[in-house]
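These are the residues of each chain, in order.
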Amino acid sequence: MIMLAVLFAVLGAISNAVGTAFQRKAASTVEQGGGVRLLLALARRPAWSIGIAGVVGAALFQAVALINGPMALVQPLFILELPFALLLAVPLMHRRLSADGWWAVGGVVAGLALLLASAAPSGSREQASMARWIPVLVLALGAMTAAFLLARSSSSPLFRAAALASAAAVGNALTAALLKSATGRLADAGLPAFLTTWQTYGFALTGVLALLLLENSLQAGPLVASQPALTIGDAAVSLLLGVFLFDESIRTGWWLLPEAIGALLILQSVLRLTRVVPHLVDVMR
């Protein structure tokens with residue numbers, strides 16, 4: 001079961017990498033703006049349609065992965081989206097990846113391997129009580145709203161991109177938690193239960209909201225501000241939700257040291273990668 005979860009999570013990361021690359025390309029071709037108008041403008045771009053297909057495919061892979069494994073394992077594996085996106089862009093643009101870029105890709109993979117091997121996420125239940133869901137929904141939606149308002153009040157592109165990406169990261173993690181619960185209903189009781197549980201409509205709504213925030217973060221400022229917040233934020237919040245909602249567990253004690261080293265290696269490598277990706281994106285425009 002765990003191996004299936006890992007396999008489908010990696011496939012989801014690849015699909016999401018394709019989706020994100022094409023969404024970023026489409027977002028760079030529209031005029032400054034936000035909200036629903038941005039989505040309407042993007043909907044007329046073929047690249048955005050391809051990107052959405054990649055996102056939908058990633059959601060399907062993610063659903064299967066969450067059925068077979070703990071959320072604290074599945075969601076961090078989506079960190080692989082960024083190196084996959086870079087590796088896909090290099091041959092498409094007929095360019096060579098620099099030595100620094102290759103070291104950064106290796107750093108992300110090594111850091112993720114160290115983090116997950118040290119944390120060893122385990123244990124999971126498919127459902128959580130409303131007593132747990134209510135504070136999660138209040139805190140998550142409150143954090144997303146606060147980040148959005150902070151972004152609107154700032155004139156700094158770096159801050160706006162980071163704040164919107166942070167909001168999108170929380171939205172992605174909340175969507176994954178709702179998706180895990182809804183697909184658990186599907187696996188246990190079939191399609192009627194899936195269509196009648198509130199989590200199904202919850203993950204659809206939060207997924208759209210997270211997508212909207214992502215599109216705005218990609219347009220608001222440079223990748224160096226948005227990608228680390230999106231990548232690390234999603235994994236961190238997902239881990240917390242997995243522990244609180246679904247009784248998942250990770251190793252603590254002295255294991256926290258290699259876990260912290262792995263997390264720092266991922267962060268450093270993601271920051272290095274963001275210095276490579278914008279140059280490739282500029283070529284695509």
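Shown above is the structure to which this text applies.
None of the values given here were measured: they were computed from a predicted structure.

K.L.:
Just to check I follow, could you spell out the overall build of the protein for this structure?
P.N.:
Looking only at helices and strands, the protein has 13 helices and zero strands in total. The helix and strand sequence of the protein, counted from the amino end, reads α-α-α-α-α-α-α-α-α-α-α-α-α. Across the 285 residues in the protein, those meeting the buried criterion constitute 49%. Within the protein, residue pairs in contact and separated by at least 24 positions form 84% of the contacts whose partners lie at least 6 positions apart. Per element, the accessible surface of the protein, about 13100 Å² overall, is 73% carbon and sulfur.

K.L.:
For this particular structure, what's the right way to read the pattern of salt bridges?
P.N.:
For side chains bearing opposite charge, pairing can occur when the charged atoms are close. Scanning all chains against the criterion turns up one salt bridge. A salt bridge links Asp247 to Arg132, with the shortest nitrogen-to-oxygen separation between them at 2.8 Å. With a gap of 115 residues between them, Asp247 in the loop between α11 (223-246) and α12 (256-274) and Arg132 in helix α7 (residues 130-153) connect regions that are remote in the sequence.

K.L.:
Looking at this structure, how should I read the nonpolar core?
P.N.:
Across soluble globular proteins, you tend to see nonpolar side chains buried next to one another. With 58 residues, the main nonpolar core has Trp133 and Leu245 as its most contacted residues. Broken down by element, the residue count for this core peaks at 15 residues, all from helix α8 (residues 157-189).

K.L.:
Please clarify how the packing of aromatic side chains should be interpreted in this entry.
P.N.:
By convention here, two paired aromatic rings are described through the distance between centres and the angle between planes. Under the defined criterion, the tally for this structure stands at five aromatic pairs. Each ring, one from Phe8 and one from Phe61, has its centre 6.2 Å from the other, and the planes form 35°; the classification is tilted. Here Phe8, found in helix α1 (residues 2-27), pairs with Phe61, found in helix α3 (residues 46-68); they are 53 residues apart in sequence, far enough to count as distant. Look at Phe8 and you get partly exposed, because its relative accessible area is 21%.

Rules and cut-offs
Residues numbered from 1 in each chain as written. Predicted model: local features only at pLDDT ≥ 70, side-chain atom pairs only at ≥ 80, totals over all residues. Heavy atoms only, no water. Helix = DSSP H or I, 4+ residues; strand = E, 2+ residues; numbered from the N terminus. Buried < 20%, exposed > 50% of the residue type's maximum accessible area, 1.4 Å probe, protein only. Contact = heavy atoms within 4.5 Å. Areas by Shrake-Rupley, 256 points an atom, 1.4 Å probe, with all protein chains shown as cover. Salt bridge = Lys/Arg side-chain N within 4 Å of Asp/Glu carboxyl O. Core = buried A, V, L, I, M, F, W, Y, C linked by side-chain atoms within 4.5 Å. Phe/Tyr/Trp six-rings, centres within 6.5 Å; stacked < 30°, edge-to-face > 60°.

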